[in-house]
Amino acid sequence: MSNAYIPGVTFPASGFRRRGGNPLATLLAVVFVGFAGLAFEEGARGGSYLPFWLGAGLLILGVLTPMSMKMANQWERAVVLRLGKLQGIKGPGLFFIVPVIDEVSSWLDQRIQTTEFNAEQALSKDTVPVDVDAVVFWQIHDPERAALEITDYRSAISRVAQTSLREMVGSSLLSTLLSDRKHGDELLREEIGRKTADWGVTAISVEIRDIGVPDALQDAMSREAQAQREAAARIHLGQAELSVAQKFVEAAEIYAQSPAALQLRAMNIIYETTKERGATILMPTAMVDAMNPGGLLGLVAAAQAGQVPPPAAPTPAPPAPRRR
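1. Structural notes on the nonpolar core
Counting 33 residues, the largest nonpolar core has Phe117, Val136 and Leu165 as its most contacted members. Among the elements that take part in this core, helix α4 (residues 153-170) stands out by supplying 8 residues, more than any other. Those residues in contact with Val136 that lie beyond four places of it in its chain are Gln113, Thr114, Thr115, Phe117, Ile157, Ala161, Ala203, Ser205 and Val206. Ala72, Ala78, Val80 and Val104 belong to the second largest nonpolar core, which has 7 residues in total.

2. So, the pairing of strand β7 (residues 129-140)
Of the pairings in the sheet, the one linking strand β6 (residues 113-123) to β7 comprises 9 bridges and is antiparallel in character. By the bridge assignment, Glu116 is partnered in β7 with Val135. Between β6 and the antiparallel strand that follows it, β7, lie 5 residues; Thr127 among them carries a positive phi value of about 55°.

3. Brief notes about the pattern of salt bridges
Where charged atoms of side chains with opposite charge meet at close range, the side chains can pair. Per the counting criterion, the structure on display carries 9 salt bridges. The closest approach of N and O atoms between Arg189 and Glu186, which form a salt bridge, is 2.8 Å. One end of the pair is Arg189 and the other is Glu186, both in helix α6 (residues 181-196) and 3 residues apart, which spans about a single turn. What makes Arg189 partly exposed here is its relative accessible area of 26%. Relative accessible area serves as the criterion here: at 36%, Glu186 is assigned to the partly exposed category. As a salt-bridge pair, Lys195 and Glu191 come within 3.6 Å of each other at their nearest N and O atoms.

4. Notes on the sheet that holds strand β3 (residues 85-90)
One open sheet holds the 3 strands; their spatial order is β3-β2-β5, and the pairing between them is antiparallel. The sheet terminates laterally at β3 and β5 (102-109), the two strands that pair on one side only. Mean inter-strand twist for the sheet, computed between neighbouring axes without regard to direction, equals 25°.

5. Overview of the side chain of Asp109
If you trace the backbone, Asp109 turns up in strand β5. What makes Asp109 buried here is its relative accessible area of 13%. There is a polar contact of 2.8 Å between the side chain of Asp109 and the side chain of Arg111. Each residue touching Asp109, except ones within four places of it in the same chain, is listed here: Trp75 and Ile140.

6. What to know about helix α1 (residues 23-46)
When the terminal C-alpha atoms of α1 are compared, their 35 Å separation across 24 residues agrees well with the 34 Å that a helix rising 1.5 Å per residue should span. Within α1 the residues assigned to the buried category are Ala25, Ala29, Ala36, Ala39 and Gly43. Looking at the packing, one finds that the buried side of α1 touches α2 (50-68) and β1 (69-72). Gly47, located one to two residues past α1, shows a positive phi value of around 75°.

7. Comments concerning the confidence of the model for the chain
Here the chain shows a mean pLDDT of 79. Residues at 70 or above account for 77%. For the chain, the element scoring lowest by mean pLDDT is helix α10 (residues 293-305), at 52; β7 scores highest, at 93. Segment residues 1-17 is flagged for pLDDT under 50; beyond a separation of four residues in sequence, or across chains, it makes 7 contacts in the model.

8. With respect to unusual backbone geometry
Residue Pro92 follows Gly91 across a cis peptide bond; omega there is 0°. Its place among the elements puts Pro92 in the loop between β3 and β4 (93-96). Even without being a glycine, Leu83 presents a positive backbone phi close to 55°. Phi at Gln121 is positive, roughly 55°, even though this residue is not glycine. Mapped onto the fold, Gln121 is located in strand β6.

Criteria and cut-off values
- Residues numbered from 1 in each chain as written.
- Predicted model: local features only at pLDDT ≥ 70, side-chain atom pairs only at ≥ 80, totals over all residues.
- Heavy atoms only, no water.
- Core = buried A, V, L, I, M, F, W, Y, C linked by side-chain atoms within 4.5 Å.
- Buried < 20%, exposed > 50% of the residue type's maximum accessible area, 1.4 Å probe, protein only.
- Helix = DSSP H or I, 4+ residues; strand = E, 2+ residues; numbered from the N terminus.
- Contact = heavy atoms within 4.5 Å.
- Pairing = 2+ DSSP bridges.
- Salt bridge = Lys/Arg side-chain N within 4 Å of Asp/Glu carboxyl O.
- Axes fitted to C-alpha atoms, helices over the stretch in contact; angles between N-to-C directions.
- Polar contact = N/O pair within 3.5 Å; in protein donor to acceptor, adjacent residues only side chain to side chain.
- Expected span 1.5 Å × (residues − 1).
- pLDDT = per-residue confidence, 0-100.

Take a look at the structure:
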């Protein structure tokens, strides 16, 4: 069966239990009404007025029991007024009120609740229009003040949060809002909590979810960040070139002091370039003469063959002439 919408009736999130109603009160009401019916039946058969009076009393109890016996959930508090004056805060669990004289004026939920709020086209301290979305987590710590000091605390919290957000945006630079959100969250929590404390409401925390800036400003900020990164990259590249040049200068000084080291380096360069097969190397004549090509070519051939050539066998001496 589908749930039909009934104007003016709001069902709580936890089922279809009426606010303050409970199964125990309903059961007692049914029992009292049942006994009242039996009493009326007995009085009709016996012709006595006593069962009628007893049945009337039981019927009245059956009607008044649901009105006097209330039940609050663990997270609920009921504000009870007696003839218009505060009688007390009831709950959680079962509690009783005097029908007609007492009235439950409001039910308060003491669980942590959230309220979303935003500031559209709010100007920052550097006159930049921004859209800020945030959420505040709050909780009722004093049900009596929340019920008596303000008409609608939910709407008031939303208005106070939005006003505080606009004040915070107007006193902060855009760069601060974007880079230090935690500081902004703390400022908002303190400001909202200071204003709602008189209503018995505590602001537990505030979180800024999103900060929107105009598209043109986003493009300018993107180009500025790109230019800063390119400048940093060029600086790093120049520092690397400087380090390489310094190392080359140090190596040149070492080679100038030790020609043997320079010759070994030249030999190593030739070896590295001839490791690949099919490589052709053209060298100036002066460079070849400076590197002692005779010895170098023998070492290169040996390196390519993977072994050192065996030494040549000694030539046998001619036999001595015989004397006669």
